[in-house]
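The primary structure of each chain is shown beneath.
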Amino acid sequence: MSSSPDISKGVYMRQEEAGRQDRVPPVAVGESVVEAMPDGVLLVDGGGTIRYANFAASRLFKYAKDELIGRDVSSLVPAPVRARHAGHVSGYARQRVARPMGKSADLRAVDRDGREFPVDIDLSPIDVDGTAFVCVTVRDVSERMAALRTAREQERRLRALFDENPCILFTLEETYRICEINDYGRDFFAAHSSQGLIDAQLLDFVYAADRAAVRASLERASARPGEVAQVHCRIASDRTWDCWLQLTIRVFCREDGRRYALVVAEDITKRLQLSKKLSYQATHDALTGLVNRLGFEQRIQQLLDAGSDDGAMHTLCFIDLDQFKVINDTCGHTAGDQLLREVARVLRAGGRRADIIARLGGDEFALVFPDCDSSRAQALIDRIAARVRAIRFNWSEFTFSVGMSVGLVEFRCGAHRLVDILQKADAACYAAKERGRGRALVYEEHDVELRRTQSASHWAAKLQRAIDEDELELWGQPIVPVHACPQQRPKVEVLLRLRGRDGVVIPPSEFLPAAERFGLAPKIDLWVIERALDWIDAQGEAACPSCSINLSGQSLSSPEFVSAVCRLLANRGAKTPIVFEVTETAAISNFDAALHLMSSLKAYGCEFALDDFGTGMTSFAYLKNIPAEYIKIAGSFIRNICAESLDYMIVQSIVNIAKSLSRHTIAEFVESADVLATLRELGVDFVQGYLMGRPVPLSELHAAPAWCPAPAAPPAPAGDTARATIGALD
């Protein structure tokens, strides 16, 4: 192997010529420097033979230095480019200018193992003793190229994210000039505007009425770099429809202190349209197109909130169609819906532009007359009512007319609460129906009946809460046999009480009318039955009396109620008989429903009593068809039976008819020994009243002399003042 040339000789000779002999021997310095270089250094002659290699080159190509020296330099390049490479070596050697390579081209080298890797090369011509050499500096750039590829890939992904994002992305300079916009944004604006984009002012694309809001948001974001500002705006479009954008703006600071804004614009047109549609559906009635209850209450509240100081009076009208149920029951709901649409058309035609017209549900409508007192409102309502009465609704072979009952209430902004206004109007409408239908009634504070009707609304809410929070209580009053009967199980009527939050016990006469009006009676009846059965089961089969439980007329006609009671009875423990009391009027008014309920519950061993019997004497004909074991004579005939001969005769006839039908009789309101003696004389089977015992909570009810036959003489006064007061509630 030929010896390597002294690559430091040229340097040494130049130093010697400059008179620098006082330095460290240059050969040693030059070789040490070259060996210490981190890059590979090769000295190649004009024929392409390597004459010198430093340690870094040996490590880079995985050859020993001695193995590199004497090799053809083309063996260190990939095979496909070796032929081209050999022809360039001598040319490089003759050049007198250093030449970097690989900065803009992909140069590759190959090591002893055949692994290719990217390199940068610097070529420097060197003359040694008149012989031309090329000093080749080789640098492995694998890591740099990998980092560059990663950076380019990240840039490509970011560019794709920017351009292909389904939102409009653009950047703004401090003057709000558009510097850059993504492809989606270009396509979007091309569909809406013929203006150019780059270098244009953002505000030029914003609808004129919205520019102030957008400018304010841009200024707010610019004042607080890094924070996000949002604004909705329409774009200035060549099209005829509105296009809404949501702009999300964030300002950043460059290193030179200048600011730029990144703006994300999202097309929210369809979202706003859908929101508007959903809002409309939520506040409007699908059948008639009128405002519904929610929308109606919102508009009244807006009217109240926007009240002026001029003291203007407004009027709210609740409208309830008369006899609408007849049309529904006769012709079906399709016909009823058609009539409701016709009534809505009449209300629209009769109302003023500023009036609020709504369908609250079912056959209930409402009107608000702004800036209109009740007298003027009543005149408007009278005209509308006349138009409604003029409707002749034809369906199949039927022709119907319809009327309406109206409740009116005046109110001023700032002087009334929404809930109070609605309750008063509802009370007035209910009173109008009660007073004969087909009329309008203005709510007056001094009207006792109206206030009582309004009170019923309050009671409805209280009752619902009482059911939910178990504030109702069960009391009991004994029913005593007139004649001794050792085999007879004691009897007790279960009575309902409501204990207020102040601890005061409230009698049913205060709240049951409200329960009937607002449809809560079946729920209350079911609550009573469930709690009574729990109490019966807790007493045990032997000790428990037979319990009488009252049912409302609404419960009789509810199939769901009958099913619920059957489930309760099927799951109960003790089999002590239950007697259900239904009023004579309810049983006859709901005759078929009453028969169905009786037959269903008798299957579980239950018995029935006709309560308040005698208040409708025409019901005698029904007695043989109603399977009731007991007839409970109305207390109005019992109180004065000793003084009123007519009462005596009525009770006598009821007892005789009951005996002929093998029914037992029970007399209520027995409060004196004389009354008891008369009832014993007439053959009444059982008696109930203060003479035998006052109502007490079921928890305090125990077997006592009260279960014994009724006394022949009046008992000594018993019980304390509190007990007497409680009894007076019945």
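For the structure itself, consult the block above.
Residues numbered from 1 in each chain as written. Predicted model: local features only at pLDDT ≥ 70, side-chain atom pairs only at ≥ 80, totals over all residues. Heavy atoms only, no water.

**Points about the pairing of strand 1 (residues 40-45)**
Operational definition: Residue exposure (1.4 Å probe, protein chains only): buried if accessible area is under 20% of the type maximum, exposed if over 50%, otherwise partly exposed. For the purposes of this entry, the term helix denotes a DSSP run of H or I that reaches at least four residues, the term strand denotes a run of E that reaches at least two, and both are numbered from the N terminus. When DSSP locates at least two bridges between a pair of strands, those strands are taken to pair.
Most of strand 1 sits inside the fold, with six of its six residues counted as buried. Because side chains alternate across strand 1, one face comprises the buried residues Gly 40, Leu 42 and Val 44, and the other comprises Val 41, Leu 43 and Asp 45, equally buried. As defined by bridge partners, strand 1 adjoins strand 6 (residues 131-140) across six bridges and the pair is classed as antiparallel. Each residue of the ladder has a partner; that of Asp 45, found in strand 6, is Phe 133.

**As for the sheet that holds strand 14 (residues 364-369)**
Whenever strands of a sheet pair, they do so through backbone hydrogen bonds, lying parallel or antiparallel. Definition in use: Helix axes are fitted to C-alpha atoms over the stretch in contact, other axes to C-alpha atoms as well, and angles between N-to-C directions run from 0 to 180 degrees.
An order of 13-14-12-17-18 is seen for the five strands of this open sheet, with the pairing classed as mixed. Strands at the two margins of the open sheet, each flanked by one partner only, are strand 13 (356-361) and strand 18 (440-442). Each strand axis lies, on average, 20° off the axis of its neighbour in the sheet, ignoring direction. In this sheet, strand 17 (residues 403-412) lies alongside strand 12 (residues 313-322) in antiparallel orientation, the contact comprising 10 bridges. The residue bridging His 314 from the neighbouring strand is Phe 411, located in strand 17.

**Considerations on the packing of helix 12 (residues 333-350) against helix 13 (residues 374-389)**
Under the convention used in this document: For any helix crossing, the convention is left-handed if the near helix is rotated counterclockwise from the far helix by under a right angle, and right-handed if that rotation is clockwise. For this analysis, residues touch if any pair of their heavy atoms sits within 4.5 Å. Ten residues, namely Ala, Val, Leu, Ile, Met, Phe, Trp, Tyr, Cys and Pro, are considered nonpolar, four, namely Asp, Glu, Lys and Arg, are considered charged, and the remaining ones, Gly among them, are considered polar.
One can describe the packing of helix 12 onto helix 13 by two numbers: an axis separation of 10 Å at closest approach and a directional angle of 145°. Relative to helix 13, helix 12 is oriented so that their crossing is right-handed. Judged by residue contacts, Val 346, Leu 347, Ala 349 and Gly 350 of helix 12 engage Ile 384, Arg 387 and Val 388 from helix 13. Classifying every residue of the contact of helix 12 with helix 13 gives five nonpolar, one polar and one charged.

**Here we look at the pairing of strand 23 (residues 578-583)**
Along strand 23, five of the six residues are buried, which leaves the element largely enclosed by surrounding structure. Alignment of strand 22 (residues 546-550) against strand 23, held across four bridges, turns out to be parallel. By the bridge assignment, Ser 548 is partnered in strand 23 with Val 579. In this structure, strand 23 lies alongside strand 24 (residues 607-613), joined through five bridges in parallel fashion. Looking across to strand 24, one finds that Glu 581 is bridged to Ala 609.

Everything listed is a geometric property; what it means functionally is a separate question.
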